[in-house]
Amino acid sequence: MNALEVKNLSKTYKGFNLSNVSFTLPKGCIMGLIGENGAGKSTTIKLIMNTIRRDGGEITVLGKDNTKDFKETKEDIGIVLDEAYYPEQMTVLQINKFLKYSYKNWEEDRFFNYLKNFKLPEKKAFKEFSRGMKMKLAIAAAMSHKAKLLILDEATSGLDPMARDEILDIFYEYTRDEEHTILISSHIVSDLEKLCDYITFLHNGKLLFSEEKDRLLEEYAIMHCSKEDLRNIPKEKILGKRTSAYGADLLVKRSNGFKQYPLDKAGIEDIILLMIKEGVA
Amino acid sequence: MKGLLLKDWYVLLKQGRIMLVCIALYAVLAAGGNEGMGFFAVLFVAMLPFWVIGIDERNKWDNLAAAMPYEKKEIVLSRYILVGSGLIVLIALYLIASLAKGLLMPQAEASFHWQYIISIIAIGLIYAAINLPVIFRLGVEKARLWFIIITGGIAGGLGVYYSSHSEGSSKVTHFLSTNLWFVMVLAILLFLLSGAISVRLYEKREF
């Protein structure tokens, strides 16, 4: 069963158009949502959470249409937005009480365990927290009400590498339960490459791909060739290109041939950077 | 909804403490005989949601609340409940202070009048009923100008109306003062209607 199904999703703002975005996230998996600023990641997440109205398309979250009785479904979703957004005057203890009355399955002990692990002070006002501390608190809250789906919008940005690593481990541990699923958007591609089973890449409001990470890494490659060779390669087979005085690095699909050329493994970052440079979008 | 009310309470305790103290003080002063203070107290109670919504806007709280297991309807209605419960507490304070005054100063003139209580509750309900839909539609920041226009309009309009000493205005004043329960029912209906309008307006907003 799929935890999340997005079909032909569209939303238009003045100067921005999210068009026909479709992807599926199977239960028990982690999907990374990648794209530059303004690509449509947060808009997609807001549409999934039904906090903004879509212009077209369908969204099914945990098997239910997100426009019908979504309140019940939201009990099973742990959400971390790009900021923590708790009232800055509240302390962690007060936030715990508020969340206790907000989520039916609130697990106070688990919440305080996370706080202890994250070394967050319980009595300090939220406004005195650093961005990293705020995000850790939001992550602790999202993971303390038996959520089946975690939706994380730039949840690891603002954290130092150590804290990020610690949190990625927690996310990884969370999906060991096959009922647990994560959708995470981030600018930090290396984090997503480490963590995710699926990668969905948005660029200028359009979906460039939504694929299994391993398949992407197997299928895409970087081909090194001279400028002369470049002229002989059909343009439709070049998915991305980076030229220099010495030659060119091309993003290609292994299935399109090119056995005569040296091919290097392409990382996720190479794939998305070269795709944007070539303007395949 | 309990969570939302609790959150508002925590916010008020931290940032609206002076306002809460003023409400309590004015209620006591009103019971002591200074009836004008009761009107200030009730306006402060009616303004509590504006205060909380303003702080929420600064913290972008609505973005998170919309993603939590709350319907937009609950978010709106919790603010109406805040006004309702604020009025109940205000009246309770006024009654306690009046009783205390009666016990401590038996010779003093009784300050407890049902007519007065009904009047101030009605004013509180009507004031909140008129302003809250504008705030839910525009947000506190953008609604500020409307807020001033509405408040000034009501105060100015009433002032002009009463100072006109026309036969019509005297009749209306007489009717309202002798039919306070009618005024109360009207205020409650207006408050409920305002709640329904606010829900519709807030549901159209995106976060």
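Residues numbered from 1 in each chain as written. Chains lettered and ligands numbered in written order. Predicted model: local features only at pLDDT ≥ 70, side-chain atom pairs only at ≥ 80, totals over all residues. Heavy atoms only, no water.

(A) Quick peek at the side chain of B:Arg79. Inspection of the secondary structure assignment puts B:Arg79 in helix α5 (residues 72-104). In this view, B:Arg79 contacts B:Lys7, B:Asp8, B:Pro49, B:Val52, B:Ile53, B:Asp56 and B:Phe136; residues no more than four positions away in its chain are not counted. (Helix = DSSP H or I, 4+ residues; strand = E, 2+ residues; numbered from the N terminus. Contact = heavy atoms within 4.5 Å.)

(B) Representation of the packing of aromatic side chains. Counted under the stated rule, the structure contains 19 aromatic pairs over all chains. When the centroid spacing of 6.0 Å and the interplanar angle of 20 degrees are considered together, the rings of A:Tyr114 and A:Phe118 count as stacked. For the residue pair A:Tyr114 and A:Phe118, the accessibility class agrees, reading buried in each case. Look at B:Tyr202 and B:Phe207: their rings are 5.4 Å apart centre to centre, the planes differ by 45 degrees, and that puts the pair in the tilted class. Residue B:Tyr202 is classed as buried on the basis of its relative accessible area, which comes to 2%. (Phe/Tyr/Trp six-rings, centres within 6.5 Å; stacked < 30°, edge-to-face > 60°. Buried < 20%, exposed > 50% of the residue type's maximum accessible area, 1.4 Å probe, protein only.)

(C) Expanded view of the sheet that holds strand β1 (residues 2-13) of chain A. Residues and elements named next belong to chain A. Taken in spatial order, the four strands of this open sheet run β2-β1-β4-β5, and their pairing is antiparallel. At either end of the open sheet lies a strand with only one pairing partner, and these are β2 (16-26) and β5 (64-65). Pairing geometry for β1 and strand β4 (residues 56-61), over five bridges, is antiparallel. Bridge pairing in β4 places serine 10 opposite glycine 56. Of the strands in this sheet, β1, β2 and β4 are in contact with helix α1 (residues 41-48), which crosses β1 at around 115 degrees. (Pairing = 2+ DSSP bridges. Axes fitted to C-alpha atoms, helices over the stretch in contact; angles between N-to-C directions.)

(D) Local environment of the interface of chain A and chain B. With 26 residues of chain A at the contact, the number on the chain B side is 29 residues. Ranking the residues of chain A by area buried against chain B places A:Tyr85, A:Gln89 and A:Phe98 at the top, with a combined share of 25%. Summed over the shared surface of chain A and chain B, the result is three salt bridges. In this structure, B:Glu206 and A:Lys11 form a salt bridge, with 3.0 Å as the shortest nitrogen-oxygen distance. For the interface between chain A and chain B, the tally reads 11 residue pairs in polar contact (both at pLDDT 80 or more). Mapped by element, the contributors of at least two residues to the side of chain A that touches chain B are β1, α2 (70-74) and α3 (92-100) of chain A. A breakdown of the residues in the side of chain A that touches chain B according to their chemical character gives 14 nonpolar, four polar and eight charged. (Buried area = accessible area lost by both parts, 1.4 Å probe. Salt bridge = Lys/Arg side-chain N within 4 Å of Asp/Glu carboxyl O. Polar contact = N/O pair within 3.5 Å; in protein donor to acceptor, adjacent residues only side chain to side chain. Nonpolar A, V, L, I, M, F, W, Y, C, P; charged D, E, K, R; others polar.)

(E) Geometry of the sheet that holds strand β14 (residues 263-265) of chain A. Residue and element names in this part refer to chain A. Judged by pairing direction, the sheet is antiparallel, and its four strands sit side by side in the order β12-β13-β11-β14 without closing on themselves. Every other strand in the sheet has two partners, leaving β12 (240-244) and β14 as the edge strands with one partner each. For this sheet the average axis-to-axis angle between neighbouring strands, irrespective of direction, equals 25 degrees. Strand direction decides the pairing type here: β12 and strand β13 (residues 247-253), joined by five bridges, are antiparallel. The residue bridging serine 244 from the neighbouring strand is glycine 247, located in β13.

(F) Representation of the pairing of strand β8 (residues 181-185) of chain A within the structure. All names here are of chain A. Here β8 lies mainly inside the structure; five of its five residues are buried. Here strand β7 (residues 149-153) runs beside β8; their pairing, made up of five bridges, is parallel. Paired with leucine 150 across the bridge in β8 is isoleucine 182.

(G) Geometry of the UniProt feature "transmembrane region" (unreviewed entry) in chain B. Residue and element names in this part refer to chain B. Mapped onto this structure's residue numbering, the UniProt feature "transmembrane region" (unreviewed entry) falls at residues 12-31, 37-55, 76-96, 116-136, 143-161 and 181-202. Secondary structure content for residues 76-96 is 100% helix and 0% strand, while the C-alpha to C-alpha distance between its ends is 31 Å. Counting secondary structure, residues 181-202 comes out at 100% helix and 0% strand; the distance between its end C-alpha atoms is 31 Å. (UniProt positions renumbered as here; feature names shortened; annotations may be inferred.)

(H) Quick look at a positive patch on the surface. On the surface, B:Arg137, B:Lys142, B:Arg200 and B:Lys204 cluster together into a patch of positive charge. A residue is classified by how much of its surface remains accessible, and B:Lys204, at 54% relative accessible area, is exposed. (Patch = residues over 30% accessible without salt bridge, like charges linked within 9 Å, V, L, I, M, F, W, Y side chains within 5 Å. Areas by Shrake-Rupley, 256 points an atom, 1.4 Å probe, with all protein chains shown as cover. Lys, Arg positive; Asp, Glu negative; His and termini not counted. Charge placed at Lys NZ, Arg CZ, Asp CG, Glu CD.)

(I) Geometry of the pattern of salt bridges. A complete count under the given rule lists 21 salt bridges over all chains for this structure. The residue A:Lys104 makes a salt bridge to A:Glu72 at a minimum N-O spacing of 3.0 Å. With A:Lys104 in the loop between α3 and α4 (108-117) and A:Glu72 in helix α2, the pair connects residues that are 32 residues apart, well separated along the chain. Of the charged contacts in the structure, one is a salt bridge between B:Asp8 and B:Lys7, with a shortest N-O distance of 2.8 Å. For the pair formed by B:Asp8 and B:Lys7, the shared burial category is buried. Ionic contacts of the salt-bridge type, sharing partners, join the residues B:Lys7, B:Asp8, B:Asp56 and B:Arg79 into one network.

(J) Summary view of the confidence of the model for chain B. All names here are of chain B. Overall, the prediction assigns chain B a mean pLDDT of 86, with 96% of residues at 70 or greater. Highest mean pLDDT in chain B belongs to helix α8 (residues 180-203) (93); lowest belongs to helix α7 (residues 167-178) (74). Reported confidences for the modelled complex are a pTM of 0.84 and an ipTM of 0.82. (pLDDT = per-residue confidence, 0-100.)

(K) Quick peek at helix α1 (residues 2-15) of chain B. Along its 14 residues, α1(B) runs 20 Å from first to last C-alpha, staying within 8% of the 20 Å computed at 1.5 Å per residue. For α1(B), the set of buried residues is B:Gly3, B:Leu4, B:Leu6, B:Lys7, B:Asp8, B:Tyr10, B:Val11 and B:Leu12. Buried residues along α1(B) sit in contact with α3 of chain A together with α2 (17-31), α3 (35-59), α4 (61-67) and α5 of chain B. (Expected span 1.5 Å × (residues − 1).)

(L) A look at unusual backbone geometry. Residues and elements named next belong to chain A. Phi is positive for tyrosine 85, close to 60 degrees, though the residue is something other than glycine. Tracing the backbone through its elements, the reader meets tyrosine 85 in the loop between β6 (77-80) and α3. Located in the positive-phi region is lysine 146, a residue other than glycine, with phi close to 55 degrees. Within the secondary structure layout, lysine 146 lies in the loop between α5 (131-142) and β7.

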